[in-house]
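Reading the structure
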Number of protein chains: 2
Amino acid sequence: MPEAGVRVGLVGLGTIGTGVVRLLEAHSDLIEARLGFPLRLTHIADVDLHTDRGVALDRYRLSTDFKELVDAAGLDLIVELIGGTGVAAQVVASALQAGKSVVTANKALLAHKGAELFALARDNGAEIAFEASVAGTIPVLRALREGLAADRIHALQGIVNGTCNFILSEMEERGEPYAACLKRAQELGYAEADPTFDVNGTDSAHKLTILLGLAFGVHAGPGDFPCRGIAELKPADLEVAEQLGYRIKLLASARQTPQGVEARVEPVMLPRTSLLAGIGGALNAVEVRGAFSGSTLYCGAGAGSRPTASAVVADLMELARARRLGIAGRVPPLGAVELRAGGLRPVAEEEGEYCVRVQGGGDLAAPLVAALAQRGAHVTSLLQDAERAHAVATTRRTRRADLEQALAGLGRRISAPQLIRIQGDL
Amino acid sequence: MPEAGVRVGLVGLGTIGTGVVRLLEAHSDLIEARLGFPLRLTHIADVDLHTDRGVALDRYRLSTDFKELVDAAGLDLIVELIGGTGVAAQVVASALQAGKSVVTANKALLAHKGAELFALARDNGAEIAFEASVAGTIPVLRALREGLAADRIHALQGIVNGTCNFILSEMEERGEPYAACLKRAQELGYAEADPTFDVNGTDSAHKLTILLGLAFGVHAGPGDFPCRGIAELKPADLEVAEQLGYRIKLLASARQTPQGVEARVEPVMLPRTSLLAGIGGALNAVEVRGAFSGSTLYCGAGAGSRPTASAVVADLMELARARRLGIAGRVPPLGAVELRAGGLRPVAEEEGEYCVRVQGGGDLAAPLVAALAQRGAHVTSLLQDAERAHAVATTRRTRRADLEQALAGLGRRISAPQLIRIQGDL
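An account of the accompanying structure is given in this report. (Residues numbered from 1 in each chain as written. Chains lettered and ligands numbered in written order. Predicted model: local features only at pLDDT ≥ 70, side-chain atom pairs only at ≥ 80, totals over all residues. Heavy atoms only, no water.)

Moving on to the overall build of chain A. Helix and strand counts for chain A come out as 14 helices and 16 strands. For a compact globule of 426 residues, the expected C-alpha radius of gyration is about 22 Å, and chain A comes in at 24 Å, within 12% of that figure. Viewed in the frame of its principal axes, chain A has a C-alpha envelope of about 85 × 45 × 35 Å. Per-residue burial for chain A yields a buried fraction of 60% across its 426 residues. Expressed as a percentage of contacts within chain A between residues at least 6 apart in sequence, the contacts between residues at least 24 apart total 73%. For chain A, the distance from the average site of its 44 positive side-chain charges to the average site of its 49 negative ones is 2 Å. (Helix = DSSP H or I, 4+ residues; strand = E, 2+ residues; numbered from the N terminus. Rg over C-alpha atoms; globule rule 2.2 N^0.38 Å. Buried < 20%, exposed > 50% of the residue type's maximum accessible area, 1.4 Å probe, protein only. Contact = heavy atoms within 4.5 Å. Lys, Arg positive; Asp, Glu negative; His and termini not counted. Charge placed at Lys NZ, Arg CZ, Asp CG, Glu CD.)

The next thing to look at is unusual backbone geometry. Positive phi, close to 45°, is recorded for A416 of chain A, a residue that is not glycine. With respect to the helices and strands, the residue A416 of chain A is situated in strand β16 (residues 415-422). Among the residues examined, A416 of chain A registers a relative accessible area of 41% and is labelled partly exposed. Of note in the backbone geometry, A389 of chain B takes a positive phi value of approximately 55° without being a glycine. Mapped onto the fold, A389 of chain B is located in the loop between β13 (379-385) and β14 (390-395).

For the rest of this paragraph, the subject is the pattern of salt bridges. Residues and elements named next belong to chain A. Going through the model one piece at a time under the given rule, you end up with 71 salt bridges over all chains. With a shortest N-O distance of 2.6 Å, R357 and D237 are connected by a salt bridge. Pair noted here: R357 is in strand β12 (residues 351-359) and D237 is in helix α11 (residues 235-243), with a separation of 120 residues, a long-range link. For the pair formed by R357 and D237, the shared burial category is buried. In this structure, a network of salt bridges that share partners links the residues R228, E262, R264, E266, R345, E349, E350, E351, R397, R400, E404 and R421. (Salt bridge = Lys/Arg side-chain N within 4 Å of Asp/Glu carboxyl O.)

So, about the packing of helix α6 (residues 140-147) of chain B against helix α10 (residues 202-216) of chain B. Residues and elements named next belong to chain B. Between α6 and α10, the least distance of the axes is 9 Å, while the angle of their chain directions is 20°. When the interaxial angle is binned, α6 and α10 end up roughly parallel. The way α6 lies across α10 gives a crossing that is left-handed. Contact residues: α6 offers L141, L144 and R145, while α10 offers I210, L211, L214 and A215. (Axes fitted to C-alpha atoms, helices over the stretch in contact; angles between N-to-C directions. Parallel < 35°, antiparallel > 145°, perpendicular 65-115°, else oblique. Left-handed = near helix turned anticlockwise from the far one by under 90°.)

Residue and element names in this part refer to chain B. Between its first and last C-alpha atoms α10 spans 20 Å; for 15 residues at 1.5 Å apiece the expected length is 21 Å, and the two agree. Along α10, 15 of the 15 residues are buried, which leaves the element largely enclosed by surrounding structure. At the exit of α10 stands G217, carrying a positive phi of roughly 65°. (Expected span 1.5 Å × (residues − 1).)

The next thing to look at is the sheet that holds strand β6 (residues 128-129) of chain B. Either a parallel or an antiparallel arrangement is found when strands of a sheet pair, and the pairing is made through backbone hydrogen bonds. Residue and element names in this part refer to chain B. Here six strands make up an open sheet; going across it, the order is β3-β2-β1-β4-β5-β6 and the pairing parallel. Lying at the two open borders of the sheet, with one neighbouring strand each, are β3 (61-63) and β6. By the bridge criterion, three bridges tie strand β2 (residues 39-45) to β3 in an arrangement that is parallel. Residue pairing across strands places I44 opposite L62, the latter belonging to β3. Strands β1 (6-11) and β2 of the sheet are contacted by helix α1 (residues 15-26), whose axis makes an angle of about 150° with β2. (Pairing = 2+ DSSP bridges.)

Take the interface of chain A and chain B next. Contacts between chain A and chain B engage 50 residues on the former and 50 residues on the latter. Of the roughly 4700 Å² buried between chain A and chain B on both sides combined, carbon and sulfur atoms contribute 61%. The interface formed by chain A and chain B holds two salt bridges in total. In this structure, the salt-bridge partner of R152 of chain A is D29 of chain B, at a minimum N-O distance of 3.1 Å. Viewed at the interface, chain B and chain A are joined by 14 residue pairs in polar contact (both at pLDDT 80 or more). Going through the elements one at a time, α1 (15-26), α2 (28-35), α6 (140-147), β11 (294-301) and α12 (305-325) of chain A are the ones with two or more residues in the side of chain A that touches chain B. For the side of chain A that touches chain B, the per-class residue count stands at 29 nonpolar, ten polar and eleven charged. Where β11 of chain A and strand β11 (residues 294-301) of chain B come together, three bridges link them in antiparallel fashion. Considered in β11 of chain B, the bridge of L297 of chain A is made with C299 of chain B. (Buried area = accessible area lost by both parts, 1.4 Å probe. Polar contact = N/O pair within 3.5 Å; in protein donor to acceptor, adjacent residues only side chain to side chain. Nonpolar A, V, L, I, M, F, W, Y, C, P; charged D, E, K, R; others polar.)

It is worth spelling out the relation of the copies chain A and chain B at this point. For the pair chain A and chain B, the superposition axis carries a translation of 0.0 Å, the fit reaches an RMSD of 0.0 Å, and the rotation angle comes to 180°. This pairing of chains is accounted for by a two-fold axis. Identified as the residue of chain A closest to the rotation axis by C-alpha distance is Y298 of chain A, at 2.4 Å. Take the interface residues of chain A: 100% of them recur as interface residues in chain B, which is what a same-surface contact looks like. (Least-squares fit on C-alpha atoms with pLDDT ≥ 70 in both.)

Turning to the environment of T51 of chain B, a few remarks are in order. Following the sequence through the fold, T51 of chain B ends up in the loop between β2 and β3. Separated by 38 residues in the primary sequence, T51 of chain B and L13 of chain B have C-alpha atoms spaced 9.9 Å apart.

Structure, rendered in structure tokens:
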């Protein structure tokens, strides 16, 4: 009897989709040896089948209509690599309704429609695998779901957007403004033509919702926690960070507190000696602290055609094994139950140690310290630089709202006030 | 109908065993929520049941005879945490013969008897899970087995012995000799009373055999590749490394070459700017380079009661799920097939860039360079320090045997010749 293998249909032949085609061709021997049966890509759908992507497509059944692909007889698994929350949602939903498990790299889709899609999967005996949706090639979701499954997670923090990390690394190394470094990132392919969702933190927030589910069993939407981007950062902020022994990184972080899980996406100052501060360029890294496991860190390429394809096909292999064994839902897709009381901590309670930088003429130090003291913020260090016309204060743990009011009270004396949280040990 | 759960017997109540008892008690709610059924530790066997370990044992069926435990009716899974290759081998073999899957942290056992035990597991429809055997709490075996399953691994390197990493970090920071730093490691619990297998590289070699199987499908014994330890390193070696921009780490490494997989355990000089060079103290880290995934790095606690217990219980959860689903062997335990030609590259062909340090009176530079040139070794840099009475040369890629002959040719002029490989990018 011929070995038919498990048959796969791919929707979306962009950068990652093309990487998946390449990987399946290059490693078919290895994948068959590891699975014990072949994994066959047979169908591909994309609205554009004419652009030359450097891969031969004549061996595949091609279609411009994803519905045709999802309905095709004999397909076992569907890969959704369109991105976005429109057509992609239809692809995933219709595949699940047909009882076909889905692999996706689509963090926006999971962040906005994850709850209903996971329910749909469960009701139809199918699964959604999504390792590639967070931190690209790095198997950090597997680590949380299985490797650390016995542990209670206390906190996590991650650099999960390579575009921002590249821009910040460039700003620091070259001392150039944000706009110039963004332009270079675009030229080098590290940033898209429209980089909005990367640089304003939205992409990191999407990924954090997924991490919150896996690590804390908290089901949150991307609007449920503070999210700030990097576009307002100046070279002076990166210089000040260096003076103080820190490095600025856009961090997605979450921490269990007695008042609930505190989650946020924002640029923070990390101690330069920390491992995360050493993650440069377009790399991603996630650090997790558990009650028994202590701190573990996972680092690698967070994006790119080939690295992301590695994660997508690893998921395909897991789903193919499940299909062969006739099982589904071996491991719940997200922390199935809310394990700690409290859910998300309200945004209004945001607090931390902060670095405050204000610009203006004359002596800024005295009014800055006075304004901070008036709002109950204890200053732990102060720098004033006449040449740069700025003053910088660091504070003890303070409510962010109090700092914002203190700065508002300074009125016209200052311009471009900058509040950057100082991230301590995880 | 009452939910009986999956029942576990534990053999070996040492440091890790006690951690497993503590974790299962502390996280029983979380584990049951994640599994959907309880995981119950019911039986414990150890030759010593009288030492106070700070955990209450009255709720368990205790025995000093592991055979009694393995034969006990109703046990589903067995945890072997005795260590060594004697009784531990009997425990694992008898459990597998009874069709019971086993979790172990025993790298020596897997390195020496892995092939027969994995065969025994297969023949009896049982499994061996061993995440804790390499790099403690870090789920790096899961990363290789599943997260990177679609990729072809080109190379890996790891700091997999926390004792050695602690001693080297201390030697570097304090400039103190090996013996004093070993003593401190023993006082702080980072080294055992008899540290031989840690400091001579044996423990790292055991772990490398496991990584070789998972990453390359190469089945090797610990004697099949070069293995050197750290006891011969002097503070001067660590100083020279710093002068040259490196840091010395005991590395287990493997790399696919056209002549086969090159594997070794030895202290090497790593560029100080690399992530692995930044792994200090008793931490472990493993870096893996794949054809598509690029370089990924996994870091965390490599030993210790609580971190290792996290890995052991995560394995128990995986095996408990498999038992509930009636499946075994979902993922082959090691790279089931030899995927690349060549097996291990012969030890005699060891080569690389090296740092050569020799001690003695008078001018050492001229005879050293002459001796190296005579054996075809190109010198890329040279340092001579009269105060330390040593000369240091770095070489281009050279056969180690040629360097050893060059040094032997210098005869009595020099003492304590030191050959340390310079590790380039992975």
